[in-house]
Structure formats: C-alpha cells, structure tokens
There are 2 protein chains.
Amino acid sequence: MEDDIDRLVPDVFSRRCDSRTALEHVTGRWGILAMAALLEGTFRFNALRRRVDGVSEKMLAQTLQQLERDGFVHREARPTIPPHVEYSLTALGRAVAERLHDLIELVEGRLPEVLAARAAYDAAVTGVPGRSRAPAGGATPGPA
Amino acid sequence: MEDDIDRLVPDVFSRRCDSRTALEHVTGRWGILAMAALLEGTFRFNALRRRVDGVSEKMLAQTLQQLERDGFVHREARPTIPPHVEYSLTALGRAVAERLHDLIELVEGRLPEVLAARAAYDAAVTGVPGRSRAPAGGATPGPA
DNA sequence: AGTTGGCACTTTCGAATAGTTAGTACTAAG
DNA sequence: CTTAGTACTAACTATTCGAAAGTGCCAACT
C-alpha cells in the first residue's frame with residue numbers, strides 16, 4: 001500500500017488499507033462475540049446484550065453500528081414505542097461469522113493447552129505457577 | 001459459566017471463561033496481524049515490526065508476550081549483545097493462525113462490498129456519501 | 001577517535017478509547 | 001403509583017494505547 005497501484009490490492013498488513021478497520025471491527029472484543037451470537041439467529045438489542053456477557057449498552061450499540069456500516073449486520077427498526085429493533089447477519093456477515101465461529105470453536109476446544117502454557121510460562125518467569133509477572137527490563141535477552 | 005459445573009465447558013460468551021482472554025489475544029488489533037505474519041515464517045522482533053505496519057515496539061512486545069504466555073508463539077533468545085530473539089508459531093499457534101488467515105483472506109477479498117456498504121450507510125445517514133455521522137440520540141428508533 | 005545504526009525490549013507521559021452511570025419517552029404490568 | 005421493558009445517547013471516570021526516550025553493547029562508517 002505504498003502508492004496508488006498497491007492501494008488496489010487489499011492488505012491488512014498495511015495500516016492505510018480499509019481492510020484493516022473492517023478486520024478490526026469483526027475481530028474486536030465485542031464485534032467477534034456479537035457476530036458469533038448473530039450466527040445463532042436474529043436478536044433484539046437487549047437479548048443480544050444478555051447473550052454477550054459483559055458488554056455494556058454503549059459498547060454494544062457502538063459495535064453494532066460499526067458492523068452495520070461495514071455491511072456485516074442488518075438492522076431492522078420498527079417505528080414503535082418502546083423501540084423494537086432486530087439485528088441479523090447479512091450474507092457477507094454470515095460468511096465472516098462462520099470463520100469466526102471456526103476460530104472460536106478451536107480456541108475453546110484447545111483451552112486446556114492454553115491454560116497449561118500459561119502455567120508453564122508463569123512458573124518459568126516467577127518460579128511460582130499461576131503468578132504472572134513481566135520479565136525484567138533492560139537490553140539483556142529475557143528469560144523464557 | 002454460572003457455576004463450577006459450567007466452568008468445565010469453555011464458552012467465550014461468558015466473561016469469566018479463560019477462553020475469552022485467549023480469544024482476545026489472538027484477535028486483538030496487533031495479535032491477529034502478528035500471528036498472520038508468523039504464519040509466513042520465523043521473524044526477529046524488528047523484522048516483525050516492519051511487517052506489521054503501524055505497531056509500536058511497546059505494543060508488539062506486549063502482544064508477543066501475551067501470545068507466548070498463551071502458548072501460541074515460541075520465543076527463542078540467544079544470550080548475545082546485541083539481543084537476538086526469534087519468534088515462531090507453536091503447533092497450537094499454527095492451527096489458530098491458519099484460521100485467522102482464512103478470515104483475513106475473506107475480509108480482504110470482499111473489501112469492495114464493505115466499502116460499498118459504508119458508502120450506502122453514510123449516504124442514508126447524512127444524505128452525503130462518504131461522510132459518517134452517528135444517528136441522533138433519544139428513544140426514537142433511528143434511521144438506517 | 002567519534003558517530004551512527006542495529007538489536008529487543010522498558011519507562012514515562014499524554015492521547016485516545018472503553019467502561020460506568022444517568023437520562024430519553026413511552027407503554028404495559030403489578 | 002412504581003417497576004420493567006424497549007434501544008439507544010450524553011457525561012464523566014478509568015483503562016489502554018501511542019509517542020518518545022532510554023538501556024548497554026557491538027559493528028560499521030567517517
């Protein structure tokens with residue numbers, strides 16, 4: 001992405017490429033979970049918020065707006081009071097969500113290995129399993 | 001993940017599940033790009049930094065440490081001055097990186113659709129294509 | 001001789017973003 | 001009457017990120 005010719009080839013490694021932000025939206029902390037939940041079906045706002053444990057209204061609203069703008073999510077609002085809004089995946093969003101789902105399944109399925117690695121790392125760093133501490137600074141190659 | 005029995009089943013939708021942070025590490029802004037770069041081969045620190053456009057030394061160091069601790073990345077440091085450190089994917093990291101790569105390929109390949117969606121969204125929101133503005137607040141269902 | 005560049009980080013401080021809380025306006029149910 | 005629900009937004013606080021400088025040594029260049 002160093003000049004105009006290169007700009008025609010999407011490349012997430014280049015910070016100036018629009019694909020970078022699109023990728024960040026679908027893999028952001030709340031984006032990936034919202035997409036994965038929507039793969040299960042259409043949700044209303046608060047139902048989605050309950051599905052994605054820990055997300056605030058603000059962050060969810062912001063995330064859904066980004067995803068909608070990128071074309072991954074479809075928002076259907078009825079002119080009612082109280083509001084009635086439904087969110088669902090677009091075809092593009094579904095393609096992305098399926099890959100996110102694959103990733104999530106893998107990470108969940110191999111969590112024991114991650115936990116074991118963490119314990120081993122912590123023990124190597126501090127000599128005490130379960131206690132994480134950054135290696136000391138300086139120009140010396142750190143332990144690991 | 002509401003009680004001890006549920007804690008045995010990894011579930012990224014639950015904020016208390018360790019798989020949540022593991023997923024956040026590999027899909028974080030810099031994590032996903034570092035993993036994708038390492039899929040290309042082993043990198044030394046500054047080579048990786050050059051590969052991932054826009055990342056600071058601080059964020060890269062922090063990201064690599066997280067990934068190493070989770071067991072996705074292997075760090076090989078020689079006891080030399082100047083330092084000589086190499087980063088590569090573990091087997092677990094490779095499995096994850098391959099899925100990240102699939103996702104990246106998809107997002108890059110369908111970027112034109114994302115850009116078209118953004119233009120359409122901005123036009124619908126502001127009447128001016130290319131100019132993004134959040135819908136007005138209140139309890140009224142927003143336009144979209 | 002001095003200067004510069006390279007290596008892989010860490011530290012400090014300000015900028016940016018995420019999170020918390022309260023608010024909007026209406027209806028239905030208790 | 002109060003409470004709960006709906007889908008957000010605004011204001012303030014907390015946390016994280018980014019920019020810049022620093023570490024200590026060696027090699028290459030002037």
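Residues numbered from 1 in each chain as written. Chains lettered and ligands numbered in written order. Predicted model: local features only at pLDDT ≥ 70, side-chain atom pairs only at ≥ 80, totals over all residues. Heavy atoms only, no water.

Draft legend 1. Representation of the interface of chain A and chain B. Every contact between the two is made by 67 residues of chain A and, on the other side, 68 residues of chain B. Interface of chain A and chain B: buried area, both sides summed, is about 5,900 Å²; carbon and sulfur atoms make up 64% of it. Summed over the shared surface of chain A and chain B, the result is eight salt bridges. We note a salt bridge from Arg69(A) to Asp122(B), for which the minimum N-O separation is 2.7 Å. Mapped by element, the contributors of at least two residues to the side of chain A that touches chain B are α1 (18-27), α2 (31-40), α4 (57-70), β2 (73-78), α5 (91-109) and α6 (111-126) of chain A. Per-element accounting of the side of chain A that touches chain B gives the leading share, eleven residues, to α5(A). Among the residues forming the side of chain A that touches chain B, the class breakdown is 35 nonpolar, eleven polar and 21 charged. (Contact = heavy atoms within 4.5 Å. Buried area = accessible area lost by both parts, 1.4 Å probe. Salt bridge = Lys/Arg side-chain N within 4 Å of Asp/Glu carboxyl O. Helix = DSSP H or I, 4+ residues; strand = E, 2+ residues; numbered from the N terminus. Nonpolar A, V, L, I, M, F, W, Y, C, P; charged D, E, K, R; others polar.)

Draft legend 2. Quick look at the confidence of the model for chain A. Residue and element names in this part refer to chain A. The pLDDT averaged across chain A works out to 86; a share of 83% of its residues lies at or above 70. Low pLDDT, under 50, characterises residues 130-138; the stretch is placed with eleven contacts to residues that sit more than four places away or in other chains. Note that pLDDT drops below 50 for residues 140-144; the model gives that stretch 13 contacts with residues more than four away or on any other chain. (pLDDT = per-residue confidence, 0-100.)

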